[in-house]
Amino acid sequence: MAIRIYNQSQINEMRKAGQLVAKAHAMLREYVVAGAVLLELDQRVEQFLRDHGATPSFKGHGGFPASTCISVNDVVCHGIPDKSRLSNGDIVSIDIGACLDGWHGDSCVTYAVGKLDSQSAKLMKVTEEAMWRGIAQARAGKTIGDIGAAMQEYTESQGFSVVREYTGHGIGRKMHETPPDVFNFGEWGKGLKLRAGMTLTIEPIVNIGSARTRLLRDGWTAKTADGSRSAQFEHQLAITTGDPEILTKL
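Each value, and the rule that gives it
Residues numbered from 1 in each chain as written. Predicted model: local features only at pLDDT ≥ 70, side-chain atom pairs only at ≥ 80, totals over all residues. Heavy atoms only, no water. Disulfide = S-S within 2.5 Å. Buried < 20%, exposed > 50% of the residue type's maximum accessible area, 1.4 Å probe, protein only. Helix = DSSP H or I, 4+ residues; strand = E, 2+ residues; numbered from the N terminus. Pairing = 2+ DSSP bridges. Salt bridge = Lys/Arg side-chain N within 4 Å of Asp/Glu carboxyl O. Contact = heavy atoms within 4.5 Å. Polar contact = N/O pair within 3.5 Å; in protein donor to acceptor, adjacent residues only side chain to side chain. Axes fitted to C-alpha atoms, helices over the stretch in contact; angles between N-to-C directions. Core = buried A, V, L, I, M, F, W, Y, C linked by side-chain atoms within 4.5 Å. UniProt positions renumbered as here; feature names shortened; annotations may be inferred. Parallel < 35°, antiparallel > 145°, perpendicular 65-115°, else oblique. Left-handed = near helix turned anticlockwise from the far one by under 90°. Nonpolar A, V, L, I, M, F, W, Y, C, P; charged D, E, K, R; others polar.

Points about the state of the cysteines
For the structure shown, the criterion picks out 0 disulfides. This cysteine, Cys99, is not joined by any disulfide, and Cys69 carries the nearest cysteine sulfur, 16 Å off. Judged by relative accessible area, Cys99 falls into the buried class, the value being 18%. No disulfide involves Cys108; its sulfur sits 8.1 Å from the nearest other cysteine sulfur, which is in Cys69.

Structure, rendered in structure tokens:
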């Protein structure tokens, strides 16, 4: 399948969806507290998106039952929100996707619930920094391998591991447009060469312990194999001839 290249007008439309996702995260932040019910957080995001003329990208995508992916502590990704509650000291990754006027926006933030232990706080900091290091490599003429290598090298230098099975992806008229797959690991100078007009997500998932994961019987929820905590940060961006254009940042 050919990689889609978008013009600036199309990227501007895509940015509207990305900005709405960013606003949903900003809205949600005050509600991510001890005692919050995961399903209620999900419903709050869905209502926010619909009130702004969008639909949740994730709901029904491949059969996924919710509007958001909410992944707590040792859940790596694709956590299905239920009636369980957040507790003080939890970390929770909330992935939000919105479809607005036929264009998709996608971003994930890991939130701290109350006061964290030092290792969890470091995990969040390292994961977000890994994302920014990957984004710094997202320039025309660079490669997918450059993005992954930057994230992997930094993460491992801090004593953590990057998840292999789940990746970033192309995005635009469809939620997942592949190629490209945007790996969280890689080799410098290897892989697909980046071109201006490509739009993709960079979303490192970092574990305190082993990079290995296990899939639960629901077919969606992935957890760390060793029970260690996991964090994820994600931005959607457009490749340009200069600095990457982040579409999901207010």
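Picking up after the structure, the text goes on.
Quick look at the side chain of Thr155
With respect to the secondary-structure elements, Thr155 resides in helix α4 (residues 144-157). The class for Thr155 is buried, based on a relative accessible area of 0%.

Notes on the pairing of strand β4 (residues 91-100)
Most of β4 sits out of view: 10 of its 10 residues are buried. Pairing of strand β1 (residues 55-56) with β4, which is carried by 2 bridges, proceeds in the antiparallel orientation. Its bridge partner lying in β4, Thr55 is registered against Cys99. As judged from the 10 bridges shared by β4 and strand β5 (residues 103-112), these two strands associate in the antiparallel manner. Residue pairing in the sheet places Val92 in a bridge with Tyr111 of β5. Hairpin connection, β4 to β5: the antiparallel pair is bridged by 2 residues, and Asp101 has positive phi, about 55 degrees.

Quick notes on the pattern of salt bridges
Inspection of the entire model under this criterion finds 9 salt bridges. A salt bridge links Glu13 to Lys16; the nearest nitrogen and oxygen atoms lie 3.1 Å apart. Placement of the pair is Glu13 and Lys16 together in helix α1 (residues 8-28), with a separation of 3 residues, close to one helical turn. Here Glu13 falls in the partly exposed class, since its relative accessible area comes to 27%. Judged by relative accessible area, which is 45%, Lys16 ranks as partly exposed.

Things to note about the environment of Ser107
Residue placement: Ser107 occurs in strand β5. Taking relative accessible area as the criterion, Ser107 reaches 3% and is therefore assigned buried. In the structure, Ser107 is positioned 129 residues away from Gln236 in sequence and 6.4 Å away in space, judged by C-alpha atoms. Not counting the four nearest positions on each side in its chain, Ser107 is found in contact with Val21, His25, Ile94, Asp95, Ile96, Glu234, His235 and Thr248. Within the structure, the side chain of Ser107 is placed 2.8 Å from the backbone oxygen of Glu234, a separation counted as a polar contact.

Some words on the sheet that holds strand β11 (residues 213-215)
The 3 strands lie next to each other as β3-β12-β11, forming an open sheet whose pairing is antiparallel. Only two strands of the sheet have a single neighbouring strand rather than two, namely β3 (75-77) and β11. Across the sheet, the axes of successive neighbouring strands diverge by a mean angle of 40 degrees, strand direction being ignored.

Focus: the nonpolar core
Counting 51 residues, the largest nonpolar core has Leu49, Leu86, Val92, Ile94 and Ile202 as the members making the most contacts within it. Sorting the residues of this core by element identifies α1, α2 (38-51), β2 (68-72), β4, β5, α3 (118-136), α4 and β9 (199-202) as the ones contributing at least two each. When sequence neighbours within four positions are dropped, the list of residues in contact with Ile202 reads Met131, Gly134, Ile135, Ala138, Ile147, Met151, Val182, Phe233, Glu234, His235 and Leu237.

A word on the UniProt feature "binding site: a divalent metal cation 1" (unreviewed entry) in the protein
UniProt marks Asp95, Asp106 and Glu234 with the feature "binding site: a divalent metal cation 1" (unreviewed entry), using the numbering shown here. Across 140 residues in sequence, these annotated residues keep their C-alpha atoms within 8.2 Å of one another, forming a single compact spot. The residues contacting Asp95, other than those within four sequence positions of it, are Phe58, Thr68, Cys69, Asp106, Ser107, Cys108, Gln232 and Glu234. In this structure, Asp106 sits in strand β5. Of the residues examined, Asp106 reaches a relative accessible area of 2% and is grouped as buried. Reaching out from Asp106, the side chain makes a polar contact with the side chain of His169 at a distance of 3.2 Å.

Here we look at the packing of α3 against α4
Interhelical geometry of α3 versus α4 gives an angle of 150 degrees and a closest axis separation of 8 Å. Considering the angle they form, α3 stands roughly antiparallel to α4. The crossing of α3 and α4 is right-handed. Residues Val126, Glu129, Ala130, Met131, Arg133 and Gly134 of α3 form the contact with α4, whose participating residues are Ile147, Ala150, Met151, Tyr154 and Thr155. When its residues are assigned to classes, the contact of α3 with α4 shows 7 nonpolar, 2 polar and 2 charged.

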